[in-house]
Every structure is written in structure tokens, then in C-alpha cells.
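Examination of the molecular architecture
Take a look at the letters that make up each chain.
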Amino acid sequence: MCSSGTYGGAAVGLGRGAPETVLFARVAFSASTSVVQWRILLGEHQVTDRMDPRLGRNIRGRMNPRLVLENAVNPVRSALQRNIRQITGAGVINFDEPPGDPGLFGPESMVWQVHADFVPMIVGGVSALMTQMLHPLAIAGVWDHSNFRADVMGRLARTAQFVAGTTYAARPTAEALIERVRQRHLSVAGIDASGTPYNASDPALLTWIHVAEASGFLAAHRAFVAPHMPEAEQDRYFREMALVAEMLGARDVPVTAVAVDAYLRSMTPGLRFDQRTREVLEVISSAPVQSPALRMFRRFVMAAGGSLMPEPIRELIPKSERPDLIGAVQLMSWATPVGRWALRNGAAARARRRMSI
């Protein structure tokens, strides 16, 4: 089962009139200062480098709004970055070496573009997880061969590392991650609740896991970043992502948006929501986190992820069981540039530096 990874590009600049800056000002300072006021500050005050950094003033004693804002939000940025790293288990994979290695995809790929933002990836990963768990053989493997009840956040973090590593790490690192998962799958086998045998190396089951994951990531990217993404670019993303699935052992992987939609619809009759899926959903929704802010963030991520599940698969989860919060998708859309701004040294940024771009 898959979730999001350690993502994010270079820091969003605090330049004049930057929409991300205005958005973050609304998030961080709405209690005292309106968006319009911050827009005026950022747009009309002269910015100079001749500053007293402790006071946010230039040498003439005039307030410099850029430095004032940076001094105010840097602690917030650090806190956000710590929370993101906690969620994703960051710091395990080397994205910095060797110089010039493009990895499995490279900087011109759609995969690098779609996977670049933390918020869409975590929402898309949760959407994928909620889709994957409806497959009786997929849920059986998790039920029988993992300690998800005791370590659900650790499991999600490890999966996040796999997605980030296969997307942005150098090719030897990505290939090693894939081989490690292939070897782990060899020991995951059993019989599901209905008596049907399952095996994690089954090519058809691997295809299901992959398609649910890729469609979840792309759905969130389109919802929060690129709502008018051309179908040709969607097809290119699915074609590129099929590489990882096939390296893991999947076969007959759909590689266009139309084919993915047809595949998901064809799989729907064999899916089900039962007590096992209910318990997994409850565990994900209630796993311990270290702060009230993270608990609230998780509620909105779960609700947005549920909203982005493919139809008609979403309808298999009873309305009373769905994590649902009004405005969750809109809030995650607002949060996307904030996450990009906060995560200055994520996998995408480090991979670009490795490529000297």
C-alpha cells in the first residue's frame, strides 16, 4: 500500500506580490493582518539589503516588509518542515549523489513534475491507499503480514521513502529499492478471508496496487496543481510510471488515462468494503501523532483523499464510513504552495541540485 513521499522543490521566494507569499500570509497572519494589507506591504514598500536583521529595518530606520515577514515566518517554516519530515520519515535516502545521474526518469519527465509537491502526494497517497484496501487480496496481505495496527505511520513513511527514492534518487539507489521490495514480496503469501490464495508477487495484484497509486497521485496533482493538464501529459505520466510497476513484476499495466479509467471500472465488481477494510481505515484515521496540528491536518488529508478516489470505487465505502469534511479539497489546494515553500530541501530540490539545475 502506498502513500506519499518526501517531496518539494526550492523555496518559494518572498518576492514582490508572489501569490504563494500572499497565501502564506493569509494562513499565518490572518488573526492580525488581512491579505490585502500584506499585499500592500509586499507590493509598495521598497526592499533593500541594507538591514538590521534583528529589527527588520533598513539603515534609515524604515521597516523592510520582506525581512519582517521572513523573521516572522522562519520559525513557522522550520516547524512545518519538521512535521513533514515526521510524516514522511525523511532523511533515509541519499538524493545528492552521484552528480549528473538522472535516476529512472530525469528532470524532463512528467513523474518529476507530478511528484514534486508534498501536499498533493500525501493526499494522492491516502486516496490510493483507500482504493487499494478494497481489493480482498491486497487487504489480506496487509492483514496477515504486517504490524499496521502498531506501526501504521512507520509503514506509511517507509512507503513514502520508496516512492520518493524511485522517483528522484540516482538509478542504482532506485533499482536497489525496487529489488528490496521484490525480495520482501516473495514471503508474502496466504489465503484471504474467502479462501482465495494470494501472493504479493502476483503480477495482476501488483498491477492493481500500481494503478491505484498512480491514479491517486495524478488525481491530486490535477486537483491542486494542474487542473487543466492535457490528456497527452497524463498519458505520458502513466507510461513513465509503468516502468516501476514492471520492474516490480506487474504485467499488462495500462499506460493511458483512458486505459486506466477502463481498468479501474473493470476491477470494481471484485472490490468490497468489509470489516477488515473498516479496521484499516480506522487505524489510519486514528494513528498517534505528536501534535494537535498534525491530527487536524490528517483529518483534512483523509477527507480530501476520499473525495479524490475514482468513481465508482468511492461509492463502495458507505457514506457513514467515509472521512468527510466540508472544504477539505479547497484547504489542501491552499496548503499546496505552503508545503512547497516550507520544504526547501526535499527530494525534488536535492535531485535537481544533483543534476546541476
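Model, not experiment: these values are computed from the prediction. Numbers given to residues run from 1 along each chain, matching the order in which its sequence is written. Where local features are concerned, this predicted model is filtered to residues with pLDDT of at least 70; where side-chain atom pairs are given and counted, the filter is 80 or more; whole-chain, interface and lining totals use all residues. The side-chain figures draw on all heavy atoms in the structure; neither hydrogens nor water molecules are used.

Digging into the overall build of the chain
Within the chain, the secondary structure is distributed over 15 helices and four strands. Each residue is placed in one exposure class: buried if its accessible area under a 1.4 Å probe, protein chains only, is under 20% of its type's maximum, exposed if it is over 50%, and partly exposed if it falls in between. When the 357 residues of the chain are sorted by exposure, 52% land in the buried category. Residue contacts are defined here by distance: any two heavy atoms, one from each residue, within 4.5 Å place the two residues in contact. When contacts within the chain are restricted to residue pairs at least 6 apart in sequence, those whose partners lie at least 24 apart make up 76%. Secondary structure elements follow DSSP: runs of H or I of four or more residues count as helices, runs of E of two or more count as strands, with numbering from the N terminus.

As for the packing of aromatic side chains
The criterion for an aromatic pair is that two Phe, Tyr or Trp rings (for Trp, the six-membered ring) have centres within 6.5 Å, with stacked assigned to planes under 30 degrees apart, edge-to-face to planes over 60 apart and tilted to the rest. Under the defined criterion, the tally for this structure stands at four aromatic pairs. Arranged with centres 6.3 Å apart and planes meeting at 15°, the rings of phenylalanine 118 and phenylalanine 297 form a pair that is stacked. Note that phenylalanine 118 is positioned in helix 5 (residues 118-132) and phenylalanine 297 in helix 13 (residues 292-307), a separation of 179 residues in sequence.

Observations concerning the confidence of the model for the chain
Note on scores: pLDDT gives the predictor's confidence for each residue, bounded by 0 and 100. The pLDDT averaged across the chain works out to 81; a share of 75% of its residues lies at or above 70. Contacts for the low-pLDDT stretch residues 1-60, under 50 throughout, to residues beyond four places or in other chains number 150 contacts.

Points about the side chain of histidine 135
Within the secondary structure, histidine 135 sits in the loop between helix 5 and helix 6 (136-145). Filtering out sequence-adjacent residues up to four positions away, histidine 135 remains in contact with Leu205, Trp208, Met267 and Leu271.

Concerning helix 15 (residues 347-354)
Most of helix 15 sits inside the fold, with six of its eight residues counted as buried. Taken together, the buried positions of helix 15 are Ala347, Ala348, Ala349, Arg350, Ala351 and Arg354. Looking at the buried positions of helix 15, the neighbouring elements they touch are helix 4 (110-114) and helix 7 (148-168). Where helix 15 terminates, the next one or two residues include serine 356, which has phi positive at roughly 60°.

Examining the nonpolar core
Val123, Met130, Tyr168, Trp208, Tyr237 and Met332 are the most contacted members of the largest nonpolar core, which has 82 residues in total. Excluding its chain neighbours within four sequence positions, the residues that come into contact with tryptophan 208 are Thr131, Gln132, His135, Ala138, Tyr263, Leu264, Met267, Leu271 and Ile313. Ranked by size, the runner-up nonpolar core spans five residues in total, among them Leu206, Ala242, Ala245 and Ala250. Nine residue types can take part in a nonpolar core, namely buried Ala, Val, Leu, Ile, Met, Phe, Trp, Tyr and Cys, and a core is a set of them joined through side-chain atoms within 4.5 Å.

Points about the environment of glutamine 330
Here glutamine 330 shows up in helix 14 (residues 328-342). With 26 residues separating them in the primary sequence, glutamine 330 and alanine 304 have C-alpha atoms 8.6 Å apart.

A few points about the layout of surface pockets
In this structure, the largest pocket occupies an estimated 1100 Å³ of space. We place a 1 Å grid over just the protein atoms. Points where a 1.4 Å probe fits but has no way out form a cavity, open points with protein on both sides within 12 Å along at least 5 of 7 lines form a pocket, and any residue with an atom within 4 Å of a point lines it. Taken together, 41 residues make up the lining of the largest pocket; nearest its centre are Arg155, Thr159, Val181, Arg184 and His185. Secondary-structure elements contributing two or more residues to the lining of the largest pocket are helix 6, helix 7, helix 8 (171-185), strand 4 (197-199), helix 9 (203-224) and helix 10 (231-248). Across the lining of the largest pocket, the residue classes tally to 23 nonpolar, 13 polar and five charged. Grid points are joined across faces, edges and corners, and a volume is the space filled by probe spheres set on the points. The nonpolar class holds Ala, Val, Leu, Ile, Met, Phe, Trp, Tyr, Cys and Pro. Asp, Glu, Lys and Arg form the charged class, and all remaining residues, Gly among them, are polar.

Topic: the packing of helix 5 against helix 13
Axis definition: a line fitted to C-alpha atoms, over the contacting stretch in the case of helices. Angles run 0 to 180 degrees between N-to-C directions. Axis separation between helix 5 and helix 13 bottoms out at 8 Å; the angle between their running directions is 60°. By the criterion of interaxial angle, the relationship of helix 5 to helix 13 is oblique. Crossing of helix 5 against helix 13: the hand is right-handed. Residue-level inspection shows Phe118, Ile122, Val123, Val126, Ser127 and Met130 of helix 5 in contact with helix 13, the latter providing Phe297, Val301, Met302, Ala304, Gly305 and Gly306. Among the residues making up the contact of helix 5 with helix 13, the classes are represented as nine nonpolar, three polar and no charged. By the definition adopted for this analysis, an angle is roughly parallel if under 35 degrees, roughly antiparallel if over 145, roughly perpendicular if from 65 to 115, and oblique otherwise. A crossing counts as left-handed when the near helix is turned anticlockwise from the far one by less than a right angle, and as right-handed when that turn is clockwise.

Digging into the environment of threonine 256
Counting through the fold element by element, threonine 256 comes out in the loop between helix 10 and helix 11 (257-267). The class of threonine 256 is partly exposed, set by a relative accessible area of 26%. Along the sequence, threonine 256 and arginine 239 sit 17 residues apart, while their C-alpha atoms lie 6.9 Å from each other. Beyond its immediate stretch of four places on either side in the chain, threonine 256 contacts Asp235 and Phe238.

Side note on the side chain of arginine 350
Tracing the backbone shows arginine 350 in helix 15. For arginine 350, a relative accessible area of 13% corresponds to the buried category. When neighbours within four sequence positions are excluded, arginine 350 is seen to be in contact with Ile93, Asn94, Phe95, Asp96 and Asn345.

Here we look at the pattern of salt bridges
Salt bridge, as used here: a side-chain nitrogen of Lys or Arg that lies within 4 Å of a carboxyl oxygen of Asp or Glu. A complete count under the given rule lists 10 salt bridges for this structure. Here glutamate 175 and arginine 171 are joined by a salt bridge, their closest N and O atoms 3.2 Å apart. With glutamate 175 and arginine 171 both in helix 8 and four residues apart, this pair spans about one turn of that helix. What makes arginine 171 partly exposed here is its relative accessible area of 34%. A salt bridge links arginine 322 to glutamate 315, with the shortest nitrogen-to-oxygen separation between them at 3.1 Å. In this structure, a network of salt bridges that share partners links the residues Asp192, Arg272 and Asp274.

Quick word on unusual backbone geometry
Residue proline 98 is bonded to the preceding glutamate 97 through a cis peptide linkage, with omega at -10°. The phi dihedral of aspartate 252 is positive, around 55°, even though this residue is not glycine. Residue position: aspartate 252 is located in the loop between helix 10 and helix 11. Here aspartate 252 falls in the exposed class, since its relative accessible area comes to 75%.

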